[in-house]
Amino acid sequence: MSDRLDISEPLVRALIAEQFPHWAALPVRKVVPGGWDNQTFRLGETMSVRLPSAQRYAAQGAKEQRILPVLAPQLSLPIPTPLARGQPSSHYPFPFGVYGWIAGEPAMTAAITEMAGFADNLAGFLQSLHRAETAGGPVAGPHSFHRGGDLDIYSAETVAAIAELSDEIDGDGATAIWDEALSSRWERPPVWVHGDIAPGNLLVADGELVAVIDFGTSAIGDPACDLVIAWTFLDGEARTRFHTALPLDAATWQRARGWALWKALVTTVDMRRNGSPALNDQRRLLTLILDVAL
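Residues numbered from 1 in each chain as written. Predicted model: local features only at pLDDT ≥ 70, side-chain atom pairs only at ≥ 80, totals over all residues. Heavy atoms only, no water.

S.K.: Would you take a moment to explain the environment of Gly258 for this structure?
M.R.: Looking at the secondary structure, you find Gly258 in helix α8 (residues 250-274). Distance in space between the C-alpha atoms of Gly258 and Leu285 is 14 Å, their sequence separation being 27 residues. Aside from chain neighbours lying at most four places away, what touches Gly258 is Leu151, Trp178 and Ala181. (Helix = DSSP H or I, 4+ residues; strand = E, 2+ residues; numbered from the N terminus. Contact = heavy atoms within 4.5 Å.)

Structure, rendered in structure tokens:
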């Protein structure tokens, strides 16, 4: 049974009226898709409200409120601006945040003019993130679901998933990729990690990447986890451009492939158990990760 809350528009309206009465007259509309860890609602025309969907995500908002104003002037693309911090109430058990609204459509549904240019802009954003000052930044750990940390923490479930899928994948090949990913560590000073560079968190307007949102799993550490999009969304020339634009060594890309493999394996297992209609698409992604090295 899921512990995620069902957060509705009336609930958000009640929270705003209770804690921010000067905004009570503004319309509240659920954003679709609205996120998993945090659910997003539009407040009027210029703001959004993000609310943790479960206890395990509750620490993300406070972190965002603290780090986003520090990161924003150092980055090549806009990121959300915190405007207010809501508190738990009788209506809802967790703190929540109000942010400035950033116009754009998630990359997973947007019409992107040129994928290679999109990849260049995304690589440029990551380079600016890696250059950002890390003093006082949160070290990777449970708050970031270990994004930026040691991939080995997911070894047990990765090995179990490879075994469960042995009837349809090359288990020895998958194990070799995983072992290679675990064979190195980030030896340089820690850098900022977004933690979820995924199409749903990349906003597009007029065919171009214009903003990056959702820093809930951000941390300082190893940037490998932020490279997974090379397999999950980019392809062909765009993948090559993204790879060559980032000054990262082969071992970091091997760890990135490990992050991609772990998530693809456990998602495939879950979809297969539940008979998901998206299983075949997920299988194709898993095959791509097993076949394509960078």
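S.K.: For this particular structure, what's the right way to read the nonpolar core?
M.R.: Ranked by size, the top nonpolar core spans 65 residues in total, and within it Leu71, Phe118, Phe125, Leu202 and Phe242 carry the most contacts. Counting residues per element, this core draws most heavily on α8, at 9 residues. Once residues within four sequence positions are removed from consideration, Phe125 is found in contact with Leu75, Ser76, Leu77, Ile79, Ile197, Val212 and Phe215. Within the second largest apolar cluster, 19 residues are counted, among which are Ile16, Leu43, Phe94 and Phe96. (Core = buried A, V, L, I, M, F, W, Y, C linked by side-chain atoms within 4.5 Å. Buried < 20%, exposed > 50% of the residue type's maximum accessible area, 1.4 Å probe, protein only.)

S.K.: Please explain α8 as it appears in this structure.
M.R.: Owing to its 3.6 residues per turn, the α-helix aligns residues three or four sequence positions apart on the same side. The terminal C-alpha atoms of α8 lie 36 Å apart, and with 25 residues this matches the ideal 36 Å at 1.5 Å per residue to within 8%. Count one or two residues on from α8 and you reach Gly275, which has phi positive near 65 degrees. (Expected span 1.5 Å × (residues − 1).)

S.K.: Is there a simple way to explain the sheet that holds strand β9 (residues 208-212) in this structure?
M.R.: The pairing of strands in a sheet happens through backbone hydrogen bonds and is either parallel or antiparallel. Taken in spatial order, the 3 strands make up an open sheet running β6-β8-β9, and their pairing is antiparallel. Looking at which strands have only one partner, the edges of the open sheet turn out to be β6 (105-106) and β9. Pairing of strand β8 (residues 202-205) with β9 involves 4 bridges; the strand directions are antiparallel. In the strand pairing of β9, Val204 is matched with Leu209. Against the sheet, helix α3 (residues 115-131) contacts β8 and β9, and its axis sits at roughly 25 degrees relative to β9. (Pairing = 2+ DSSP bridges. Axes fitted to C-alpha atoms, helices over the stretch in contact; angles between N-to-C directions.)

S.K.: Would you explain helix α9 (residues 279-291) in this entry?
M.R.: Its 13 residues place the ends of α9 18 Å apart at the C-alpha level, agreeing with the 18 Å of an ideal helix rising 1.5 Å per residue. All buried positions along α9 are accounted for by Leu279, Gln282, Leu285, Leu286, Ile289 and Leu290. Taken end-on, α9 shows its buried residues confined to a sector of 140 degrees, consistent with a single buried face. Of the exposed residues in α9, those oriented more than 90 degrees away from the buried face are Arg284 and Asp291. Looking at the buried positions of α9, the neighbouring elements they touch are α5 (171-182), α6 (229-232) and α8. (Arc of directions from axis to C-beta.)

S.K.: Can you help me understand the packing of aromatic side chains in this one?
M.R.: What characterises a pair of aromatic rings is the spacing of the ring centres plus the angle enclosed by the ring planes. All chains considered together, the criterion is met by 11 aromatic pairs. With 6.4 Å between their ring centres and 55 degrees between their planes, Trp231 and Trp253 make a pair best called tilted. Of this pair, Trp231 sits in helix α6 while Trp253 sits in helix α8, placing them 22 residues apart in sequence. A relative accessible area of 2% means that Trp231 is categorised as buried. The exposure class of Trp253 is buried, given its relative accessible area of 1%. On the basis of an interplanar angle of 80 degrees and a centroid distance of 5.8 Å, the ring pair of Trp259 and Trp262 is categorised as edge-to-face. Residue Trp259 and its partner Trp262 are located together in helix α8, separated by 3 residues, close to a single helical turn. What makes Trp259 buried here is its relative accessible area of 4%. (Phe/Tyr/Trp six-rings, centres within 6.5 Å; stacked < 30°, edge-to-face > 60°.)

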